[in-house]
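This is what each chain is made of:
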Amino acid sequence: MIRIEGRDKVTGRATYAAEYPVKRLAYCYPVQAEIAHGRVAGIDTTTALAMPGVLTVLSCMEPPELSPEADPELALFQRREVAYRGQFVAAVVADSYDNARAAAGAVRVAYEPASHDVRLRADHPGLYKPEKVNPDLPTDTEKGQVAAGLAAAEVTVEATYTTPATHNNPMEPHATVALWSGAGDLTLFDASQGVTYARNIVAQALGLRPERVRVVSRHVGGGFGSKGTPRPNAVLAALAARAAGRPVKVALTRHQMYDVTGYRTPTIQRIRLGADAEGRITALEHEVAEQSSTLVEFAEQTASPTRIMYATPSLRTAHRLVRLDVATPSWMRAPGECPGMFALESAMDELAVAAGLDPVELRVRNDPDAEPASGLPFSSRNLVACLREGARRFGWQDRDPAPGARRDGRRLVGTGVASSTYPARRLPSQASASIENGGYVVRIAAADIGTGARTALTRIAATALDVDPDLVRIELGDSDLPHASLAGGSMGTASWGTAVTLACQDLLRDGKHGFADTTEILRTLPNLARHAFGAQFAEVRVDADTGEVRISRMLGVFAAGHIVDATLARSQFIGGMIMGIGMALMEQTVTDLEFGGFTNRDLAQYHVPVNADIERIDAVWLDEEDDELNPMGAKGIGEIGIVGTAAAVANAVYHATGRRIRDLPITPAKLLL
Amino acid sequence: MEITLEVNGVPHTVVVDPRISLLDLLRERLELTGSKKGCDHGQCGACTVLIDGRRALSCLALAVAQEGSEITTVEGLAGDGQLHPLQAAFLEHDALQCGYCTPGQLCSAVGMLAERGPSAVTEELTGEPELTAAEIRERMSGNLCRCGAYPNIVTAIAAVAR
């Protein structure tokens, strides 16, 4: 199906958060902390206030009124302590963007710096065991005796894998336009992956009842997790509009996004893996060290995929976290699965080499009957079928396993494989459906961040109503609509689609109006392991002289339940794989050890894949039926594409060059040194 | 400072702050928000417009330097309710997801198709190069797409170039 809002997007009519035409709009530009840790000693706003067009200055010297319940990242200007370089300490409101920015540069901030600690290391004395890891998973799991399993193993792999901090970098910078009504109601046009959630969080921060806040987010220029929670720009816009007595826009710069909109924590992961002479795993251990800020505990679930991937009598996973003087990490596409599977699937490749087994065969041999850590049965699991189908399509059967053995001119050629997985979850949502003007209108506070949610939900509603999709209109992206979960965790289509289907069925019963709330239904589901799986294949060409890695072919084969829309799904899978190529080869945000913060805060220095980086790439899927998911029989597809990509590339680089790179990204320097 | 320029065929005379970029003039003053701000530093291509028929980054163009310029933005590509062939091809080939880079991709592609001469990946430097997929990828690499719609963007452009 052609994207419903596609015409608006190609003609420039689609309106993103910063683009709503609002009268008497003022602009707010933040001032960021220049130290990594310490205290603001004083702020001199005299010059700034005297500059043209300046309306007011907000700062931590005169804390604006906020609720003590506010999330620490959103509790703007409440304390003079600086938790990380780049934290907002003040902001200027002016009549134009240029005036606000110029005056922000004239705000003089004096600091009392304290020593800072911004470096994650595996032996950091501050590492501790958090209560749980994102989203609500056990921190550690243990089954059997890893030491015994390793002792009984014929071959073992013990290696440490590291991934750097990476940033979501959606193309649309985070932005908010805030308007207060005379009665004290707040409307935010915000770049948000979930307006119901955003409304509740912003209302909490401001000490308002949720009904007093409306969040509108009709088009979102990508999020990849970074717009899953309201960011400081949302609360800043509200505070600035309240102080200035007129509507205010806060449009973050690309640089500011690196500091206040979340990022993927760097990880240090140790894997110990043992197998018998036939390649059957006897022990698997995955230990992770990662970071969060001193403000907020965010513990990424990096070892969680290891709990579900392979059969083993002994299995241990553990997460340890250290709180540093750094910005707060958060969700970035497939938090947990993405960095964790780079380590696990690299280690599996190393095990295949050590055992002299084909890496596809090794994975097939260790496919479990039930979820390894929990023992729960799978609702469906077709990893083996994905591996087999991918091997067939990719031409894997003729592969010579010897590393560094194929050359095409200056380039060393190699192929690699890795598995992918992502949970199939749902969150409670509401939806309404009604007949209006001879058509059907479905309302839900869902978000379309580029996933094609409007289009997918239209199809789902049309199926439930048994009518032509042209007769269905979806309204989303407004917190005044029936409450919905956010676009995240690959849960959107499954969560919203359930509510939409039930609302449409209710409409068919009622004849005029239908409504559904899935909260109760989701409480009584059978306890099963529900996950999507995939197999990813990559062919790389490594320049023997420069170390440049080109990915000449990439294939993903996925088993993700019923695919709601083939066009949208292919775009999502491929998009995830391309972001995975960025993770594999170029993406890293470098922490400034001396001054704190990040050194490369723009797109000239933080490299994402460009068009010329992508050659032959394809994604296909298996027909998978699973009655234990949702009315659509669908598993989420927004994240699984990125999960196995980096390991597939790293494994192909090993095959091409004989060099095992365990530290992402795989830059030319690492291959040449 | 007062300048007169033409945007999508419509003349505008505006008094502008000498610091304001063409992009901010379009977005904040002329209510033409189709051109997007992704980085404001000429690093992402989302703000690409056509200035006198050539693709240009409007975030790096000062408004005051546009006296007498003819600007075309994404809003000006379609004529008489008919989509530009590239707009139609982007829809048909699903060459967009979130849509935020799309206006820049479209303006860039329009400008690119009118360009002549070799690129960094052209092997034969004499004569006009054939617009292969590799040439399109190279010539469109100034326009980032974080959703990863690149393969479909190339397909869409190739369909129009043919």
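If you're wondering where the values come from, they're calculated on a predicted model, not measured in any experiment.

(A) Seen up close, the sheet that holds strand E9 (residues 141-143) of chain A. Residues and elements named next belong to chain A. The 5 strands are arranged E9-E17-E16-E15-E10 in an open sheet whose pairing can be described as mixed. The sheet is open, and its two edges are formed by E9 and strand E10 (155-163), each paired on a single side. Neighbour-to-neighbour, the strand axes of this sheet turn through a mean angle of 15°, independent of strand direction. Sheet topology places E9 next to strand E17 (residues 315-324); 3 bridges connect them, and they run antiparallel. Bridging across to E17, Glu142 finds its partner in Arg316. Sitting on the sheet, helix H8 (residues 337-355) touches E10, strand E15 (267-275) and strand E16 (281-293), and the angle it makes with E10 is about 150°.

(B) Structural context of unusual backbone geometry. Residue and element names in this part refer to chain A. Of the consecutive residues Asn134 and Pro135, the connecting peptide bond is found in the cis state with omega at -5°. For Pro135, the position within the fold is in the loop between strand E7 (132-133) and strand E8 (137-138). With omega at -5°, the peptide bond leading from Leu664 into Pro665 counts as cis. For Pro665, the location among the structural elements is in the loop between helix H16 (645-657) and helix H17 (668-672). Located in the positive-phi region is Phe224, a residue other than glycine, with phi close to 55°. Within the secondary structure layout, Phe224 lies in the loop between strand E13 (213-216) and helix H6 (232-244). Judged by local crowding, Phe224 falls into the buried class, with 29 C-beta atoms found within 10 Å.

(C) Quick look at the domain arrangement of chain B. Residues and elements named next belong to chain B. In terms of domains, chain B is made up of domain 1 (2-75) and domain 2 (85-161). Taken together, the 15 residues of domain 1 in the interface contact 14 residues of domain 2. Of all the secondary-structure elements, those providing two or more residues to the side of domain 1 that touches domain 2 are strand E3 (48-51) and strand E4 (54-57). Considering every element that reaches the side of domain 1 that touches domain 2, the biggest residue donor is E3, with 3 residues. Of the residues belonging to the side of domain 1 that touches domain 2, the class tally is 6 nonpolar, 6 polar and 3 charged.

(D) Expanded view of the pairing of E13(A). Sheet topology places strand E12 (residues 186-190) of chain A next to E13(A); 4 bridges connect them, and they run parallel. Across the sheet, Leu188(A) pairs through a bridge with Val215(A), a residue of E13(A).

(E) Spatial organisation of the domain arrangement of chain A. All names here are of chain A. For chain A, the domain assignment lists domain 1 (6-35 + 37-115 + 169-260), domain 2 (132-166 + 264-424 + 527-672) and domain 3 (430-517). Taking only C-alpha atoms, the centre of domain 1 and the centre of domain 2 are 36 Å apart. Domain 1 puts 19 residues into the contact, and the matching count from domain 2 is 23 residues. Looking at the side of domain 1 that touches domain 2, its residues break down into 7 nonpolar, 8 polar and 4 charged.

(F) Seen up close, the nonpolar core. All names here are of chain A. Judged by nonpolar contacts, the single largest core of 269 residues is most densely connected at Cys28, Val92, Val202, Ala237, Ala240, Val500 and Val649. Top contributing element to this core by residue count: helix H14 (residues 566-585), with 11 residues. Apart from the residues lying within four places of it in its own chain, the contact partners of Val92 are Cys28, Tyr29, Ala48, Val54, Val57, Ala100, Ala103, Ala104 and Val107.

(G) Structural detail: the environment of Gly641(A). Residues and elements named next belong to chain A. Mapped onto the secondary structure, Gly641 falls in helix H15 (residues 640-643). Once the C-alpha coordinates of Gly641 and Gly497 are considered, the two residues, 144 residues apart in sequence, prove to be 21 Å apart. Those residues in contact with Gly641, other than ones at most four positions away along the chain, are Gly556, Gln572, Phe573, Ile574, Gly575, Gly576, Met577, Gly580 and Ala619.

Analysis parameters
- Residues numbered from 1 in each chain as written.
- Chains lettered and ligands numbered in written order.
- Predicted model: local features only at pLDDT ≥ 70, side-chain atom pairs only at ≥ 80, totals over all residues.
- Pairing = 2+ DSSP bridges.
- Helix = DSSP H or I, 4+ residues; strand = E, 2+ residues; numbered from the N terminus.
- Axes fitted to C-alpha atoms, helices over the stretch in contact; angles between N-to-C directions.
- Contact = placed C-beta atoms within 7 Å.
- Buried ≥ 20, exposed ≤ 12 C-beta atoms within 10 Å, placed from the backbone.
- Domains from an automatic or database assignment.
- Nonpolar A, V, L, I, M, F, W, Y, C, P; charged D, E, K, R; others polar.
- Core = buried A, V, L, I, M, F, W, Y, C linked by C-beta atoms within 7 Å.

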